Amino acid sequence: MGSNSLAFVKSRRNSITQKRIKQILSYVMECHNLFLQDGITYSKSSITASGTVMFEDHLKFEFVEKYLVKNKLLLKSKISELEEINFLCETQKRYIDFIDGKIKPDKIDVFINKLGLQKTWENESDENVYLALECKRILIKSDAKDYVLDIEKFVNRSHVDLRLPFEGQIAFIENSKLNHKIISDEVNSILKLSSSIETDLFLLSEKLHSTLNCTYLSKHKRNHNKQSFSIYHLMFDYSKVVLN
């Protein structure tokens, strides 16, 4: 197969994959919409006192277990290929660190696999074709620096198994004085000054849900092979959800 044919196959595969990723992320946003409609609140002090689970992990577990898992019928009824889709917390994969060349464990905050892409990625097991979502709490504007550190992880890690050219990040914005526009602008400001992250497209509004406008798309290059990949940014308003 010539280089032009290989490029066509890769482009078509990525196009099909991106369409499926956006369908899944649209479902994630619909679950966030359902969560907001339910009017649930969490007390940081009560949750911290009741166990040893970090508050960020608590927010993540609650959303995955009570919404992404329990409402899967909404997704499966629209897309039959997603009959067996999985949503899991804190799955680990291996990666090679670009900085020191060592193999290390990669803890994935939200692991989504069985994406119904086995025909598209025919040389890979459907178990190994997955989407990773990293989560961060945003309490003050400067927390955007920690958010960008997850982007830096994406660019610095060469994964032992397949990694799709699409990643995801969730921001839990807990401060009523902040919003997704303020945080996305701050993330872009940090990215523009970064010498370790090569950015092809700074965060740009990307609509994934009919009534929610808090999602963005950015594009970067992996440091180990300079291959391009995309990140979908889902910025959740938790200012009325989290109580002190």
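All values derive from a computational prediction rather than experimental measurement.

## A short note on the nonpolar core
Core analysis: the biggest nonpolar cluster contains 47 residues, and L25, L68, F87, I112, L115, F236 and Y238 have the highest contact counts within it. Of all the secondary-structure elements, those providing two or more residues to this core are α1 (3–38), α3 (55–68), β2 (86–97), β3 (103–113), β4 (130–138), β6 (166–173) and β9 (228–237). For this core, the element with the highest residue contribution is α1, accounting for nine residues. Apart from the residues within four sequence positions on either side, Y238 is in contact with H32, F35, L59, F63, F172, I173 and E174. The next biggest cluster of nonpolar side chains, apart from the first, holds 19 residues, and it includes A144, V148, I151 and I197.

## Some details on the sheet that holds strand β7 (residues 199–205)
Overall, mixed pairing links the eight strands, which are arranged β5-β2-β3-β4-β6-β9-β8-β7 in an open sheet. Looking at which strands have only one partner, the edges of the open sheet turn out to be β5 (157–159) and β7. Between one strand and the next, the sheet's axes are offset by a mean angle of 35°, whatever the strand orientation. Pairing of β2 with β5 involves three bridges; the strand directions are antiparallel.

## A word on the pairing of β4
By the criterion of burial, β4 is predominantly enclosed, with nine of the nine residues buried. Both faces of β4 are covered, namely the face carrying Y130, A132, E134, K136 and I138 and the face carrying L131, L133, C135 and R137. Judged from the four bridges that link them, β3 and β4 form a sheet pairing that is antiparallel. Within β4, the residue paired with V110 across the bridge is L133. Here β4 pairs with β6 via six bridges, running parallel. In the sheet register, K136 faces β6, and the bridge partner there is A171.

Conventions and cut-offs
- Residue numbering note: each chain is counted from 1, following its sequence as written.
- Confidence filtering applies because this is a predicted model: local features only for residues at pLDDT of at least 70, side-chain atom pairs given and counted only at 80 or more, and all residues used for totals across whole chains, interfaces and linings.
- The side-chain quantities take in all heavy atoms of the structure and omit both hydrogens and water.
- The nonpolar core is taken to be a set of buried Ala, Val, Leu, Ile, Met, Phe, Trp, Tyr and Cys residues, with the residues joined through side-chain atoms within 4.5 Å.
- Only protein chains enter the area calculation, which uses a 1.4 Å probe; residues under 20% of their type maximum are buried, those over 50% are exposed, and those in between are partly exposed.
- Working definition: helices are DSSP H or I runs of at least four residues, strands are E runs of at least two. Numbering for both runs from the N terminus.
- Two residues qualify as a contact provided that any one of their heavy atoms is within 4.5 Å of a heavy atom in the partner residue.
- A strand pair is defined by DSSP finding two or more bridges across the two strands.
- Every angle, taken between N-to-C directions, lies between 0 and 180 degrees, and every axis is a line fitted to C-alpha atoms, over only the stretch in contact when it is a helix.

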